[in-house]
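Summary of the model geometry
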Amino acid sequence: MDSNFVTCKLCAKNLTSPCHLDCLHDFCRDCIQKELTQTFSSKLSAYSCPVCKQLTATKNKSSEKWAEQLPPSDFVGALAEVHRLKNEDVLCTPCKRKRKSTTGSKWCRSCHEALCKSCVEVHDSLKTTMKHEMMDLNEAKTSETKSLVYGPNCTIHDHQGLTLFCEDHDELICPLCAGAKHKECQQIRTVNEEVKAKSYEFQEASSKSSSQLQIAKKALVSTRSSISEVDSTFPNLRDKIRSVRNRVDEILSKCEKKSTEELGRLENEYRGKLEQDIQKLESLNAESSHTNQLLDHVKRFGTDGHILQCMQQVQERSKSNSEAFEEYRELKKLPKVSFAINRQLDEVLRSLSTLGDIVIDAEDLESKKSSSTKNGLDDNNRKSPERSYPKEHREFSVRTRSDENACVITGILSLPTLDWVFCDKGNSKLKLFDRQFQMKSEHIMQQSPFDVTLMEDQIIAVTIPENMKILIYKIMAGINLQEEIKTKDRCFGISYTSSENKFVVTCPYGSPASLRLLSRNGEELMNLIPEENHGSLFLRPMYVRFDASGNSLLVSDSQRNRVTAITRSVYRRFHYTHSNMKGPRGLALAANGDLFVVGWGSDSVHRVDDAGRFREEVLCRHDGICSPQAVCVSFDQSQFALSLDDVSCKSDFILIFSV
């Protein structure tokens, strides 16, 4: 017998009163209850096994009640008792109940207890136990394990073995149960007969379990080797990216050297010509100055002969220098020198958002599974026709003079007036722009806003995660605070239904992540923690929108790479996933019910119909978008605005596309 099989993984001792989780891992009941008391939260909908991390649903019960209801491990408990019997000095069980420490000498195979000599005498004298079969403990230590393992007992009738099987109820029963609760059942036989009848099923279950074990082992070995591959591949890719950068630097350095050499040549040429002009002008200036002095002195002090003589000399010299003076009659201006960036380079720099694409060259497992689907692709993996040109769009900056940091626009709202409201997380501001994208007003906040929703024509609500608040503003000429609502957790995404006057918010960093349905005054009406396969449906719900009817919620989950539509009764309508949709964030609804989904990790925007089916890839990297964050369709449905995350290095700009 493998001693590890009967060892509790929490206390590292032989199992005592073992119970098991859904994954069938066994623990001492006291150990699992102690573990739950330390780590259990009433908010948790499932408990993770300490060994394999598989989840067991807690069904929102207290740790004590939940632990009590865990099913007992009858076989493992019996095996653990035999292991203890064969490998340890066993104390008398009745004496132990009296808090005495007496070494046992016999083993009762009916009571499954060790007895000392005194207790053996009492045991043999009682009418109910006098016929029990006794075994010497030394003999038990050398006996085969299988001969010592006792069967499960009935939970209703003490010390009654479950020796019968009711086919009608598909359960083990004791003889007393057969004469009471199951007296009208037609199909009752012994467990030995049932095991023989189901021997094929047991072999099949054993074979399937063995096959699954081999699959898991093989996959584990392969996955561990993949880790080694990751350790080697990704550093190589980083080196390759750096080599691209170095290559770009080398080319730019050569271009820079060529341009600076040309500039230096031109500078020397200009400087040499100017220095020549200065030398020539200094000579002419000295000669002209002396000639003026000569004429002045001869006029004042010379005879008429001297005057005629000097005048003749000056005229001759003036005639010979006339061309030189005419050259400088009009002042020369140095031609203006500037630098015009290479047009191709300028276009590349404007459109450049990454050094390249990370390409995952993996075998398409899905196509194997869906061979019955036309062309191996389902509706949500159809690709839009490749465009050889980027979509036309406008860009405008939301940066204002008082901004100290890069803008990070996480929430966008179009008002009925066609004005725009932007949540600038980077500068902790709300910004108001008109329909021509000219700034009208801004409101500085103590903490950063995240998302915004329309409540009435000029009334908006904004989430402030760090302060655990929702702020209500009225938009007139400026942005005026009207009301503060305190929340129980950090809320990020927000949406409002005016038909019922209710908010829904996302709590992506709660334990667990959830949606909260709130009344108009902030009272929590419902904490939505939907489950799927005993686990939470959401891992990181970031943005949420009510659909047009207000009955369904559309939620982007950036970690599960999908958009989920659920009703308020937590009925899942659909999951939207796509091979080219990674890290979904911002959501926007069109008037016809279509949903715009922003793919932060895939640099894309998809359009999805109201049933969760892919319509088209509206935008992709080819359109110059990198790490898109938030999206909003204008109130008149003519255009939509898109913001970029700060990793794009273009987060100061909003991109406007036609719908």
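Treat the numbers as computed from the prediction; the structure is a model and nothing was measured.

The final tally for this structure, using the stated rule, is twelve aromatic pairs. Aromatic rings pair up to connect Phe 396, Trp 420, Phe 422, Phe 433 and Phe 437 into one cluster. Between Arg 585 and the ring centre of Trp 600, over which it is positioned, the NZ or CZ distance is 4.2 Å.

A separate point is the layout of surface pockets. Computed from the structure, the second largest pocket encloses a volume of approximately 1200 Å³. What lines the second largest pocket is a set of 40 residues, and nearest its centre among them are Ser 17, Asp 74, Gly 77, Tyr 150 and Asn 153. Listed by contribution, the elements that provide at least two residues to the lining of the second largest pocket are helix 3 (74-87), helix 4 (93-97), strand 6 (113-115) and strand 9 (171-173). A class-by-class count of the residues in the lining of the second largest pocket yields 18 nonpolar, eleven polar and eleven charged.

Glancing now at the sheet that holds strand 11 (residues 394-397). Within the open sheet, the four strands sit side by side as 11-36-35-34. Their pairing is antiparallel. The strands lining the two open edges of the sheet, one partner per strand, are strand 11 and strand 34 (628-633). Sheet twist, expressed as the average angle between the axes of neighbouring strands with direction ignored, equals 25 degrees.

This paragraph deals with helix 11 (residues 304-327). If you check helix 11, its first and last C-alpha atoms are 34 Å apart, about what 24 residues at 1.5 Å a residue would give, namely 34 Å. The axis of helix 11 is deflected most strongly, by about 50 degrees, at Asn 321. Along helix 11, the positions that sit buried rather than exposed are Cys 310, Val 314, Asn 321 and Ala 324.

Attention now moves to the UniProt feature "domain: B box-type" (unreviewed entry) in the protein. Per the UniProt record, "domain: B box-type" (unreviewed entry) is annotated on residues 87-137 and 154-193. Split by type, residues 87-137 is 31% helix and 18% strand. Its first and last C-alpha atoms lie 11 Å apart. Here residues 154-193 is 20% helix and 22% strand, with 19 Å between the C-alpha atoms at its ends.

Next up on the list: the pattern of salt bridges. Counted according to the given criterion, the structure contains 36 salt bridges. Salt-bridge contacts for Asp 277 lead to Lys 273; the nearest nitrogen and oxygen are separated by 3.8 Å. Placement of both Asp 277 and Lys 273 in helix 10 (residues 199-301) is noted, with a separation of four residues, approximately one turn of the helix. A salt bridge links Asp 603 to Arg 621; its shortest N-O distance comes to 2.7 Å. With Asp 603 in the loop between strand 31 (595-599) and strand 32 (604-608) and Arg 621 in the loop between strand 33 (614-619) and strand 34, this pair connects stretches of sequence that are 18 residues apart. By relative accessible area, Arg 621 is classed as partly exposed at 36%. Through salt bridges with shared partners, one network takes in Glu 167, Asp 170, Arg 189, Glu 194 and Lys 198.

Turning our attention to the nonpolar core. Counting residues in each nonpolar core, the largest one holds 29 residues, and the members touching the most others are Phe 396, Val 398, Ile 412, Phe 422 and Ile 654. Mapped by element, the contributors of at least two residues to this core are strand 12 (409-414), strand 13 (420-424), strand 26 (541-546), strand 28 (562-567), strand 29 (572-576), strand 31, strand 34 and strand 36 (653-658). Non-local contacts of Val 398, meaning those with residues more than four positions away in its chain, are made with Asp 403, Cys 407, Ile 409, Phe 422, Lys 431, Phe 433, Asp 652 and Ile 654. Residues Phe 27, Cys 49, Ala 67 and Leu 70 belong to the second largest nonpolar core, which totals 18 residues.

This next bit is on helix 10. Over its 103 residues, helix 10 runs 147 Å from end to end, which matches the ideal 153 Å to within 8%, given 1.5 Å per residue. Residues Asp 277, Leu 284, Thr 291 and Val 298 constitute the buried set of helix 10. Lining the buried residues of helix 10 we find helix 11.

What follows covers the side chain of Asp 26. Among the secondary structure elements, Asp 26 is positioned in strand 2 (residues 26-28). The side chain of Asp 26 is buried and forms no salt bridge, while Lys 9, the nearest opposite charge, is found at 7.5 Å. A distance of 2.5 Å separates the side chain of Asp 26 from the side chain of Ser 73, its partner in a polar contact. Asp 26 has contacts with Leu 15, Cys 19, His 20, Ser 73 and Val 76, leaving out every residue within four places of it along the chain.

Conventions used here
- Residues numbered from 1 in each chain as written.
- Predicted model: local features only at pLDDT ≥ 70, side-chain atom pairs only at ≥ 80, totals over all residues.
- Heavy atoms only, no water.
- Phe/Tyr/Trp six-rings, centres within 6.5 Å; stacked < 30°, edge-to-face > 60°.
- Lys NZ or Arg CZ within 6 Å of the ring centre and 35° of its normal.
- 1 Å grid on protein atoms, 1.4 Å probe; cavity = no way out; pocket = protein on both sides within 12 Å on 5 of 7 lines; lining within 4 Å.
- Points joined across faces, edges and corners; volume = space filled by probe spheres on them.
- Helix = DSSP H or I, 4+ residues; strand = E, 2+ residues; numbered from the N terminus.
- Nonpolar A, V, L, I, M, F, W, Y, C, P; charged D, E, K, R; others polar.
- Pairing = 2+ DSSP bridges.
- Axes fitted to C-alpha atoms, helices over the stretch in contact; angles between N-to-C directions.
- Expected span 1.5 Å × (residues − 1).
- Bend = angle between axes of the 7 residues up to and from the residue.
- Buried < 20%, exposed > 50% of the residue type's maximum accessible area, 1.4 Å probe, protein only.
- UniProt positions renumbered as here; feature names shortened; annotations may be inferred.
- Salt bridge = Lys/Arg side-chain N within 4 Å of Asp/Glu carboxyl O.
- Core = buried A, V, L, I, M, F, W, Y, C linked by side-chain atoms within 4.5 Å.
- Contact = heavy atoms within 4.5 Å.
- Lys, Arg positive; Asp, Glu negative; His and termini not counted.
- Polar contact = N/O pair within 3.5 Å; in protein donor to acceptor, adjacent residues only side chain to side chain.

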